[in-house]
Amino acid sequence: MIITKKAIRRRTVLRGIGAAFALPLLDAMAPALRAFDKTEAKPAARFGAVYVPNGIMMENWTPPIDGAAFEFTPILKPLEPFRQQMLVLSGLNSTPPPGNSGPLHSRASTRFLTDMPPKATLGADLHAGISTDQILAKEFGQHTQLASLELALDSPDSVGPAEGGYSSVYISTISWRTATTPLPMEHNPRAVFERLFGDTGNTDPAARLARMQEDRSILDSVIQKVGRLQRELGPQDRLKVTEYFDAIRDAERRIQKAEEQNDRSVPLVDHPAGVPATFEEHAKLMYDLYLLAYQCDLTRVVTFMIGKEFCGRTYPELGVHDSHHATSHHQNDPEKLARLVKINTYHTTLFANFLEKLRSTPDGDGSLLDHTTMVYGGGMSDGNTHDPKNLPILLLGGGCGQIKGGRHLRFSQGTPLANLHLTLLEKMGIPMNKIGDSTGEFEQLSV
């Protein structure tokens, strides 16, 4: 580390055109000539969750061997480069309490982070439980601009069916601020970008398109400040700042390009501007915004729904022309099972690309992946039977050194998923006696 006579506060921001850009953690933010307390440079712990709907082809997900000698199955194969920072967790359950089986899909997404069953209602009197991410957001949000960020790939306009007397809201989110306050998941990259980095304050579509047509990026107004700042930094910090702003500019460029393409191809726009034309482009762009939210410490808690339960998305790029939900009801048809594996593997491939970016992004004494704890999975195992037992759950990231990866852990029959959430909360500094139907913490995660 190069020590200069000028130390920079962790919350340093550059401002311009209504936007404030927080800087990533730089060496110059560490103690310089004893200017600041050492705790100010400590990397922040982060939490993330990525949800996949409609179940998984479990035979191609679950490794047959437990422990450190496990082999990667076809669906998990894209994640093999992250073996040492990954736990495969088998045997976890999200079974409802006796006499309250509830709706199958609504139960899956609602219980994924809340560990509580949804209340039967079609009105506004929704009820579940505060989700794990929001318990963390209450604490971590004291140190960031945003307490949390909720992302999705499905439009809120694509409302699924009300399942057996249960509001469609239950399948549209996995984040609950309180037991009665579900949080909407944002699918429009432009809206996410503006929430992270600000805008003129006008959300009128015509004004936003006019802004897109301006012959400059919102970053132009802070370039001079960046130049002055970089002259005061060491070589490594200059590289970090350059890479950071290049990433922001690239995200802005891609969003603008998507809007231009949508405007040309669909003169009568029926979908929000800023959403790319293909699923893969959309997913990658949202993952990049996810990364930026962590990188500039605008939030330390992010949830991301790859799809809602009942998701009717087709994947023609994979040769899958039936909807995802219909494919998940495979009835053990070999052709449908093969198509389901394609979908499941496609999702883990996109996730692996995101993990690689986290791993290659410096953060303090390590990388963003080192300082992140991330849950990937879904609220049911076999989509054909809507099975809430033996859920597909992965735990990834370094967990700030508190989690030992490289293993497949198989828990005893009946172990609630809530035990994982209870354990993660304790490891991230928020010990609780109980959450949902939890029965105790796991000691195996750090053994």
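Residues numbered from 1 in each chain as written. Predicted model: local features only at pLDDT ≥ 70, side-chain atom pairs only at ≥ 80, totals over all residues. Heavy atoms only, no water.

Topic: the overall build of the chain
The condition is simple: Each helix is a run of DSSP H or I of at least 4 residues and each strand a run of E of at least 2, with the numbering of both proceeding from the N terminus. Each residue is placed in one exposure class: buried if its accessible area under a 1.4 Å probe, protein chains only, is under 20% of its type's maximum, exposed if it is over 50%, and partly exposed if it falls in between. Any two residues whose heavy atoms approach within 4.5 Å are treated as being in contact. To be clear on the numbers: accessible area is Shrake-Rupley with a 1.4 Å probe, and residue cover counts the displayed protein chains and nothing else.
Each helix and strand in the chain was counted, giving 10 helices and 13 strands. The burial tally for the chain puts 56% of its 447 residues in the buried class. Counting only contacts in the chain whose residues sit at least 6 apart along the sequence, the fraction spanning at least 24 positions is 72%. As presented, the chain carries roughly 18,400 Å² of accessible surface, and 52% of it is formed by carbon and sulfur atoms.

Details of the sheet that holds strand 3 (residues 46–51)
Each strand in a sheet pairs with its neighbour through backbone hydrogen bonds, running either in the same direction (parallel) or in the opposite one (antiparallel). Basically, it comes down to this: Two strands make a pair as long as DSSP finds a minimum of two bridges between them. In this analysis, axes come from line fits to C-alpha atoms, helices being fitted only over the stretch in contact, and the angle between any two N-to-C directions falls in the range 0 to 180 degrees.
Sheet architecture is open: seven strands sit in the order 5-8-3-11-12-4-13, paired in mixed fashion. The open sheet has two free edges, formed respectively by strand 5 (149–152) and strand 13 (407–410), since each of these has just one partner strand. Taken pair by pair, the neighbouring strands of this sheet meet at an average axis angle of 15°, ignoring direction. Where helix 1 (residues 104–114) meets the sheet, it contacts strand 3, strand 8 (301–305), strand 11 (372–377) and strand 12 (393–396), and its direction lies at approximately 165° from that of strand 3. Sitting on the sheet, helix 9 (residues 334–359) is in contact with strand 3, strand 11 and strand 12, with an inclination near 175° to strand 11.

Some words on the pattern of salt bridges
As a reminder of what qualifies: Salt bridge, as used here, is a side-chain nitrogen of Lys or Arg placed within 4 Å of a carboxyl oxygen of Asp or Glu.
Scanning all chains against the criterion turns up 13 salt bridges. With its nearest N and O atoms 3.2 Å apart, the salt bridge here joins R46 to D363. Taken as a pair, R46 in strand 3 and D363 in strand 9 (residues 362–363) lie far apart in primary sequence, 317 residues in all. Per residue, the accessibility class of R46 equals that of D363, and both read buried.

Here we look at the nonpolar core
The condition is simple: By convention a nonpolar core is built from buried Ala, Val, Leu, Ile, Met, Phe, Trp, Tyr and Cys residues, the set being connected through side-chain atoms within 4.5 Å.
Ranked by size, the top nonpolar core spans 62 residues in total, and within it Y290 and F351 carry the most contacts. Top element by residues in this core is helix 9. It accounts for 11 residues. Setting aside chain neighbours within four positions, we find F351 in contact with V50, L79, Y287, M374, Y376 and L396. The next biggest cluster of nonpolar side chains, apart from the first, holds 37 residues, and it includes A152, M380, L391 and L395.

Some words on the packing of helix 7 (residues 279–295) against helix 9
Keep this limit in mind: Reported orientations rely on four angle classes, namely roughly parallel under 35 degrees, roughly antiparallel over 145, roughly perpendicular from 65 to 115, and oblique for the rest. The crossing is said to be left-handed when, going from far helix to near helix, the turn is anticlockwise and less than a right angle, and right-handed when the turn is clockwise. Classification convention: Asp, Glu, Lys, Arg as charged; Ala, Val, Leu, Ile, Met, Phe, Trp, Tyr, Cys, Pro as nonpolar; all other residues, Gly among them, as polar.
Orientation of helix 7 relative to helix 9, taken along the N-to-C sense of each, is 30°, at an axis distance of 10 Å. Comparing their axes, helix 9 and helix 7 come out roughly parallel. Read as a crossing pair, helix 7 and helix 9 show a hand that is right-handed. For the pair helix 7 and helix 9, the contacting residues are F279, E280, A283, K284, Y287, D288, Y290, L291 and Y294 in the first and Y346, H347, L350, F351, N353, F354, K357 and L358 in the second. Residues belonging to the contact of helix 7 with helix 9 are distributed by class as follows: 11 nonpolar, two polar and four charged.

Re helix 3 (residues 189–197)
Note the following rule: Any pair of nitrogen or oxygen atoms within 3.5 Å is treated as a polar contact; in protein, a donor-acceptor pairing is required on top of that, and neighbouring residues in sequence qualify only through side-chain atoms on both sides.
For helix 3, the buried fraction is high: seven of the nine residues fall into the buried class. Burial in helix 3 covers these residues: P189, R190, V192, F193, E194, L196 and F197. Where helix 3 starts, the residue carrying a side-chain oxygen 3.0 Å from the main-chain nitrogen of R190 turns out to be N188.

A closer look at the side chain of S106
One can find S106 in helix 1. The exposure class assigned to S106 is buried, which follows from its relative accessible area of 1%. For S106, the residues in contact, after removing those within four places along its chain, are P118, E163, Y166, S167, Y170 and I171.

Remarks on the side chain of H371
Relative to the helices and strands, H371 resides in the loop between strand 10 (366–367) and strand 11. Residue class for H371 comes out buried when judged on its relative accessible area of 7%. Of note is the side chain of H371, whose polar atom sits 2.6 Å from the side chain of D363.

Details of the packing of helix 3 against helix 7
Helices that pack against each other are described as a pair by the angle of their axes relative to one another and the distance between those axes. Remark: helix 3 packs on helix 7, axes separated minimally by 10 Å, with the N-to-C direction vectors making an angle of 10°. Classified by the interaxial angle, the pair formed by helix 3 and helix 7 is roughly parallel. Residues P189, V192, F193, L196 and F197 of helix 3 form the contact with helix 7, whose participating residues are H282, L285, M286, L289, L292 and A293. Residues that form the contact of helix 3 with helix 7 fall into these classes: 10 nonpolar, one polar and no charged.

A closer look at unusual backbone geometry
One non-glycine residue with positive phi stands out, namely F310, at about 70°. Tracing the chain through its elements places F310 in the loop between strand 8 and helix 8 (324–328). The residue H386 is not glycine, and still its phi comes out positive at about 55°. Structurally, the position occupied by H386 is in the loop between strand 11 and strand 12. Its relative accessible area of 13% is what places H386 among the buried residues.

Quick word on the packing of aromatic side chains
We count it as follows: Think of it this way: a Phe, Tyr or Trp ring, Trp meaning its six-membered ring, pairs with another when their centres are within 6.5 Å, and the plane angle makes it stacked under 30 degrees, edge-to-face over 60, tilted otherwise. Distance and angle both matter: a charge sits over a ring if NZ of Lys or CZ of Arg is within 6 Å of the ring centre and within 35 degrees of the ring normal.
Taken as a whole, this structure holds 18 aromatic pairs when the rule is applied. Residues F411 and F442 carry aromatic rings whose centres are separated by 4.2 Å and whose planes lie at 20° to one another, so their mutual orientation is stacked. Placement of the pair is F411 in the loop between strand 13 and helix 10 (418–427) and F442 in the segment after helix 10, with a sequence separation of 31 residues. Comparing F411 with F442, the two get one shared label, buried. An aromatic cluster is present here, built from W61, Y287, Y290, Y294, F304, F351, F354 and Y376 joined pairwise through their rings. Positioned over the ring face of F70 is R83, at 4.2 Å from the centre of the ring.

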